[in-house]
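Examining the three-dimensional arrangement
Listed below, chain by chain, are the residues.
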Amino acid sequence: MGRKPTSDHAERATVRDVAARAGVSPATVSRVLGGTYPVASATRTRVLRAMRELDYVVNAQARALSGGATKAVAFLVDDVTGAFYAHIGRGVEQQAKAEGRLCMLCTTDAEPEQVFLIIELMREQNADAVIVVGGAWENEEYEGRLAHYARALDRSGSRLVLVGRPPLAAADAPATVVEYDNEGGAYAATSHLLASGHRRIAYLGAIQGLVTSSQRITGFTRAHQAYGLVPDPALILPGEFSREYGRRAVRELLDREAGFTAVMAATDVVAAGALHELRAAGLRVPEDVALVGYDDIPLASDLFPALTTVHVPQDELGRTAVRLALDRDRYTGAQHVMLGTHVVVRDSAPPPGRSRP
């Protein structure tokens, strides 16, 4: 009989231990683990029972070398608690499941070094794809290292997938890119406010060096230019994508009597904080101040008044990322996809003619 695991688990059971317990050869155990060679049902049952009794843990590296590695995709996200990321993650998970893959969720806390550490680990584990979600930083060193890992993953048969961010600057970096019309969404939302007669529009949540923020500011500015206007720099507030920031930003505008009639929030979460502070100040939305968000997470329709916002196809972003990465032969010419965005008009900024008292 094979040895029993010690109480403190100081030593792990080996394939030979499992084989001895099950009364089969080590090769048979390997066949059961790999699932690539037929094994009699009764024999498989004995091996699996022995594994449970010995608390056998598969050595991932050995399994990968034998060609029996678990097929998986990795999903890297800054913050798992964010609704925007969660809905993209749902799309990734559902498509991965449909493709017969496991989905591994990894959080990075928006730390570039953590991103690179996880990518390297996933390369060692032979993940089929490594999907990085969220805005990129406008930094040459960061871009260069990401391009390096894109090539390293490609050499190992894996794929780097960038979601919600533009392609890498290095043209030879083999990465799949699934982005959305970020700038166009901001342009459309700002145009909606301008068409309603607003000329003093505050923008909340400008983040220096973040591509997502830069694109939205560009759309915001272009919309003003289309109306022959230049946005007031004093109404573009730096900040972060949080509810508390939305409250602080509105309070700052009110304290210095900025004279704004509308707010464009960088995200729906920022808009929620802004709405809270506007109400606390006794201002009506949209009668006194119109409000627009970005992302169209479920929170947007639950607010009162319901939030006008830019819809981003979050679920489809995740699904498309997995589909393109895992079937590169079929989608050879479509490894860079731009999904559309559109304004969802609700009560916080109604159609032109109804937003002003």
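Our subject is the structure that appears above.
The rules we used
- By convention here, each chain's residues receive numbers from 1 onward along its written sequence.
- For a predicted model such as this one, the threshold for reporting local features is a pLDDT of at least 70, and the threshold for listing and counting side-chain atom pairs is 80 or more; totals across whole chains, interfaces and linings nevertheless cover every residue.
- Values shown for side chains rest on all heavy atoms present in the structure; no hydrogens or waters enter the calculation.
- In DSSP terms, a helix is any run of H or I states spanning at least four residues, a strand is any run of E spanning at least two, and both are numbered starting from the N terminus.
- Burial classification: accessible surface area is computed with a 1.4 Å probe over protein chains only, and a residue below 20% of its type maximum counts as buried, one above 50% as exposed, and the rest as partly exposed.
- Only the protein chains shown count as cover for residues, with accessible areas throughout obtained via the Shrake-Rupley method and a probe of 1.4 Å.
- Working convention for charge: Lys and Arg count positive, Asp and Glu count negative, and His plus the chain ends are omitted.
- To locate a charge, take atom NZ for lysine, CZ for arginine, CG for aspartate or CD for glutamate.
- Helices are assigned an expected span. That span is 1.5 Å times one less than the residue count.
- Only heavy atoms matter for contacts: two residues are in contact if any of them lie within 4.5 Å across the pair.
- Think of it as the arc spanned by the lines of direction from the helix axis to the C-beta atoms.
- Any two strands between which DSSP finds at least two bridges are classified as paired.
- Here, axes are lines fitted to C-alpha atoms. For helices the fit covers the stretch in contact, and angles between N-to-C directions go from 0 to 180 degrees.
- For the purposes of these results, a polar contact is taken to be a pair of N or O atoms within 3.5 Å, where, inside protein, one atom must be able to donate a hydrogen and its partner to accept one; residues adjacent in sequence count only when each atom of the pair is a side-chain atom.
- What counts as a salt bridge is simple: a side-chain nitrogen of Lys or Arg found within 4 Å of a carboxyl oxygen of Asp or Glu.

Section: the overall build of the chain
Within the chain one finds 13 helices and twelve strands. The principal-axis extent of the C-alpha atoms belonging to the chain is close to 85 × 45 × 30 Å. Among the 357 residues that make up the chain, the fraction classed as buried is 49%. Surface accessibility of the chain: about 16,800 Å² in total, with carbon and sulfur atoms responsible for 51%. Each charge sign in the chain was given a centre, from 39 positive and 42 negative side chains, and these centres are 8 Å apart.

What to know about helix α11 (residues 268-280)
Because an α-helix packs 3.6 residues into every turn, residues spaced three or four apart end up facing the same way. For α11, which comprises 13 residues, the first-to-last C-alpha distance of 18 Å matches the rise-based estimate of 18 Å (1.5 Å per residue) to within 8%. In this structure, the buried residues of α11 make contact with β6 (201-206), α10 (243-255), β8 (262-265), β9 (290-292), α12 (299-302) and β10 (309-311). With its phi angle positive at about 80°, G282 sits one or two positions after the end of α11.

What about helix α5 (residues 83-98)?
For α5, which comprises 16 residues, the first-to-last C-alpha distance of 23 Å matches the rise-based estimate of 22 Å (1.5 Å per residue) to within 8%. Those residues of α5 not exposed but buried are F84, Y85, I88, G89, G91, V92, Q95 and A96. Seen end-on, α5 carries its buried residues on one side only, within an arc spanning 155°. Set apart from the buried face of α5 by more than 90 degrees, the exposed residues are K97 and A98. Those residues of α5 hidden inside the fold are in contact with β1 (72-77), β2 (102-107), β3 (129-133), β4 (160-163), β5 (175-180) and α13 (314-326).

As for the sheet that holds β8
If you walk across this open sheet you meet the four strands as β7-β6-β8-β9, and the pairing is parallel. Strands at the two margins of the open sheet, each flanked by one partner only, are β7 (236-238) and β9. Taking the axes of each pair of neighbouring strands and ignoring which way they run, one obtains an average angle of 15° across the sheet. Looking at chain direction, β6 and β8 are connected through four bridges and run parallel. In the sheet register, I201 faces β8, and the bridge partner there is A262.

A look at the side chain of E277
As for its placement among the helices and strands, E277 is situated in helix α11. Among the residues examined, E277 registers a relative accessible area of 9% and is labelled buried. Of note is the side chain of E277, whose polar atom sits 3.4 Å from the side chain of R247. Those residues within four positions of E277 in sequence are excluded, and the remaining contacts are R247, V250 and R251.

Remarks on the side chain of T309
Assignment of secondary structure puts T309 in strand β10. Judged by its relative accessible area of 0%, T309 is buried. Within the structure, T309 has its side chain in polar contact with the backbone oxygen of G293 (distance 3.3 Å). A distance of 3.0 Å separates a polar atom in the side chain of T309 from the backbone nitrogen of Y294. Aside from chain neighbours lying at most four places away, what touches T309 is D268, V292, G293, Y294, D295, D296, A300, H342, V343, V344 and R346.

A look at the sheet that holds β4
Taken together, six strands build an open sheet; the order of strands is β2-β1-β3-β4-β5-β11 and the sheet is parallel. Edge strands, defined here as strands with exactly one partner in the open sheet, are β2 and β11 (336-339). Neighbour to neighbour, the strand axes of the sheet diverge by 15° on average, direction disregarded. As defined by bridge partners, β3 adjoins β4 across four bridges and the pair is classed as parallel. Along β4, the bridge assignment pairs V133 with V163.

Considerations on the pattern of salt bridges
Tallied over the entire structure, the rule returns 18 salt bridges. Two residues, R159 and D154, come together in a salt bridge whose shortest N-O distance is 4.0 Å. By relative accessible area, R159 is classed as buried at 9%. One connected set of salt bridges, linked through shared partners, spans R247, R251, D255 and E277.

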